[in-house]
Amino acid sequence: MPGRRGARRCGPPLPTPRGALSTGVVSALARGLPVPKPEQAADADPYGDDLQLALYVLYELHYQGFEGVDDEREWDPALLALRRALEQCFLTALRVDVPRGTPVQEALDDLQIEPVGPEGTSVSHYLQREGEKDQLREYVALRSLYHLKEADPHAWVIPRLSGRAKAAMVAVEYDEFGAGRPDEIHARLFADLMEDLGLETAYGHYLDAAPAEALATVNLMSLLGLHRALRGALVGHFAAVEVTSSPGSRRLAKALRRTGAGPAAIRFYDVHVEADAVHEQVVRHDVVGGLLESEPALESDVVFGVQATTLLEDRLGAKLLAAWRDGRGVLREPASLRARGRGIAVPGALSPTQGRE
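Criteria and thresholds
- Residues numbered from 1 in each chain as written.
- Predicted model: local features only at pLDDT ≥ 70, side-chain atom pairs only at ≥ 80, totals over all residues.
- Heavy atoms only, no water.
- Helix = DSSP H or I, 4+ residues; strand = E, 2+ residues; numbered from the N terminus.
- Buried < 20%, exposed > 50% of the residue type's maximum accessible area, 1.4 Å probe, protein only.
- Contact = heavy atoms within 4.5 Å.
- Phe/Tyr/Trp six-rings, centres within 6.5 Å; stacked < 30°, edge-to-face > 60°.
- Lys NZ or Arg CZ within 6 Å of the ring centre and 35° of its normal.
- Core = buried A, V, L, I, M, F, W, Y, C linked by side-chain atoms within 4.5 Å.
- Axes fitted to C-alpha atoms, helices over the stretch in contact; angles between N-to-C directions.
- Parallel < 35°, antiparallel > 145°, perpendicular 65-115°, else oblique.
- Nonpolar A, V, L, I, M, F, W, Y, C, P; charged D, E, K, R; others polar.
- Salt bridge = Lys/Arg side-chain N within 4 Å of Asp/Glu carboxyl O.
- Expected span 1.5 Å × (residues − 1).
- Polar contact = N/O pair within 3.5 Å; in protein donor to acceptor, adjacent residues only side chain to side chain.
- pLDDT = per-residue confidence, 0-100.

1. Remarks on the overall build of the protein
Part 1 of the argument: Of the regular secondary structure elements, the protein holds 13 helices and zero strands.
Part 2 of the argument: Listing the helices and strands of the protein from first to last along the sequence gives α-α-α-α-α-α-α-α-α-α-α-α-α.
Part 3 of the argument: Each of the 357 residues in the protein was classed as buried or not, and the buried ones make up 57%.
Part 4 of the argument: For the protein, the share of sequence-separated contacts (at least 6 apart) that also reach a separation of at least 24 residues comes to 78%.

Right, dumping it as structure tokens:
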């Protein structure tokens, strides 16, 4: 993450645990206590706060790490064994809950179906029509867990591709990383958006505030990116992101304009409206098409990546919409959303101890 006000040169602090597994992981990293045994993951809720936070912390060792944690812990055998058990719990649940047998083009086309009927909506539709500025700020705070590392998880697939798929993937990633211009790196543009909205821009700042549903969307990318065997699913995830990004970004830009956000906030989504409309076609025809041309047996994996992404995004969307329609926030720690120097509150958000396992 480029240096900015609020950005850290080292990793963020370790988060507050939310159950036995995450307590064990944080204690092992902070105080050198024994790592939980892999079998302790067997009875965990695969979508729950405890497992998702523990998995997020273990994955973060492969990104920027944590303040005070030795870099060597990235490859600690005991941590890797626990991570594998947590991954299997999460992945097994996803494979049970994701539909099977859909052709890849149908799965990609399904992403473009708009909600219908009086109850049909999505987070971006809601925010465009009636969302309040504090709800937009809450949404941006949650999304910062991904967007401040935007494109990083997808870069892991590059050495696992070849030919047309590899060339196209690199071309799209080149744009995501600013096409050689540091100020245009999409993670940097998102930090500008956050600063415009009065949010803290430090990498990982909102981890303690994020519910399990938000952590799961980021964990899926790390899971798929770190395993060569799941390269097809990561391409599917990447396709799902690019296919849905342009129309969703258009709605979010309109929401920010309607609520009086500044130009830096609006620019992030304006950039994605244009760029991702092009990226969608490249990903469909050259990344997905090129991969399946060389490895046709991976079609079901690509579809799994598309549909697992949709499943987790729908879970997060349902949580956000239910809270907002009830006049509540969804952050676990509402104080963390206060604008610098402005103290904007989020009504009804969870306290740090509510909802934890």
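On we go from here.
2. As for the packing of aromatic side chains
Part 1 of the argument: Using the criterion set out here, one finds five aromatic pairs in the structure.
Part 2 of the argument: Taking the centre distance of 5.6 Å and the plane angle of 25 degrees together, the rings of Tyr126 and Trp324 count as stacked. Linking Tyr126 in helix α5 (residues 123–129) with Trp324 in helix α13 (residues 299–325), this pair joins segments that are 198 residues apart in sequence.
Part 3 of the argument: One aromatic cluster is present, built from ring pairs that chain together Phe190, Phe268 and Tyr269.
Part 4 of the argument: Stacked on the ring of Phe304, the Lys or Arg Arg95 has its end atom at 4.5 Å from the ring centre.
Part 5 of the argument: Lying over the aromatic face of Tyr63, Lys149 brings its terminal NZ or CZ to 4.6 Å of the ring centre.

3. Details of the nonpolar core
Part 1 of the argument: In terms of nonpolar packing, the biggest core is built from 109 residues, with Leu86, Phe90, Leu127, Leu193, Leu256 and Tyr269 touching the most fellow members.
Part 2 of the argument: Each residue touching Phe90, except ones within four places of it in the same chain, is listed here: Pro46, Tyr47, Leu51, Gln52, Leu55, Ala216, Asn219, Leu220, Leu223 and Leu312.

4. Things to note about the packing of helix α1 (residues 20–31) against helix α2 (residues 49–60)
Part 1 of the argument: Interhelical geometry of α1 versus α2 gives an angle of 25 degrees and a closest axis separation of 7 Å. One element, α1, and the other, α2, form an angle in the roughly parallel class. Facing α1, whose interface residues are Ala20, Leu21, Ser22, Val25 and Leu29, α2 presents Asp50, Leu51, Leu53, Ala54, Val57 and Leu58.
Part 2 of the argument: Class assignment for the residues of the contact of α1 with α2 results in nine nonpolar, one polar and one charged.

5. Focus: the pattern of salt bridges
Part 1 of the argument: Summed over all chains, the structure comprises 19 salt bridges.
Part 2 of the argument: Here Asp49 and Arg332 are joined by a salt bridge, their closest N and O atoms 3.3 Å apart. You can see Asp49 sitting in helix α2 and its partner Arg332 sitting in the segment after α13, a full 283 residues away along the chain.
Part 3 of the argument: Assessed through its relative accessible area of 10%, Asp49 is described here as buried.
Part 4 of the argument: A salt bridge links Asp134 to Arg137, with the nearest nitrogen and oxygen atoms 3.8 Å apart. One end of the pair is Asp134 and the other is Arg137, both in helix α6 (residues 133–147) and three residues apart, which spans about a single turn.

6. Here we look at the side chain of Glu87
Part 1 of the argument: The topology assignment puts Glu87 in helix α3 (residues 77–97).
Part 2 of the argument: Every residue in contact with Glu87, bar those within four places of it in the chain, is listed here: Leu55, Tyr59, Leu223 and His227.

7. What about α3?
Part 1 of the argument: The first and last C-alpha atoms of α3 sit 30 Å apart over 21 residues, in line with the 30 Å expected at 1.5 Å per residue.
Part 2 of the argument: Looking at the buried positions of α3, the neighbouring elements they touch are α1, α2, α10 (212–226) and α13.
Part 3 of the argument: Put simply, Asp76 is the residue that caps the front of α3, since its side-chain oxygen is 2.8 Å from the backbone nitrogen of Ala78.

8. Description of the confidence of the model for the protein
Part 1 of the argument: When pLDDT is averaged along the protein, the result is 89, and 89% of the positions lie at 70 or above.
Part 2 of the argument: Confidence drops under pLDDT 50 across residues 1–8; counting only partners more than four residues distant or on other chains, this segment forms 24 contacts.
Part 3 of the argument: Low pLDDT, under 50, characterises residues 340–357; the stretch is placed with 49 contacts to residues that sit more than four places away or in other chains.

9. Considerations on α2
In an α-helix, one turn spans 3.6 residues; hence positions three or four apart end up facing the same way.
Part 1 of the argument: Taking 1.5 Å of rise per residue, the twelve residues of α2 would be expected to cover 16 Å, and the 16 Å separating its terminal C-alpha atoms lies within 8% of that figure.
Part 2 of the argument: Buried within α2 we find Asp49, Asp50, Leu51, Gln52, Leu53, Ala54, Leu55, Tyr56, Val57, Leu58, Tyr59 and Glu60.

10. Considering unusual backbone geometry
Part 1 of the argument: Of note, Ala151 is a non-glycine position whose phi angle comes to about 80 degrees, a positive value.
Part 2 of the argument: Looking at the element boundaries, Ala151 is found in the loop between α6 and α7 (152–155).
Part 3 of the argument: The buried category is assigned to Ala151, whose relative accessible area is 1%.
Part 4 of the argument: The backbone of Ala179 sits at a positive phi, close to 50 degrees, despite the residue not being glycine.
Part 5 of the argument: Structurally, the position occupied by Ala179 is in the loop between α8 (163–176) and α9 (186–196).

11. Focus: the environment of Glu72
Part 1 of the argument: Looking at the secondary structure, you find Glu72 in the loop between α2 and α3.
Part 2 of the argument: The exposed category is assigned to Glu72, whose relative accessible area is 62%.
Part 3 of the argument: C-alpha of Glu72 to C-alpha of Leu61: the two residues are eleven residues apart in sequence and 9.2 Å apart in space.

12. As for the environment of Ser222
Part 1 of the argument: Position of Ser222 relative to the elements: it lies in helix α10.
Part 2 of the argument: Separated by 66 residues in sequence, Ser222 and Trp156 place their C-alpha atoms 9.1 Å apart.
Part 3 of the argument: Excluding its chain neighbours within four sequence positions, the residues that come into contact with Ser222 are Tyr59, Tyr63 and Trp156.

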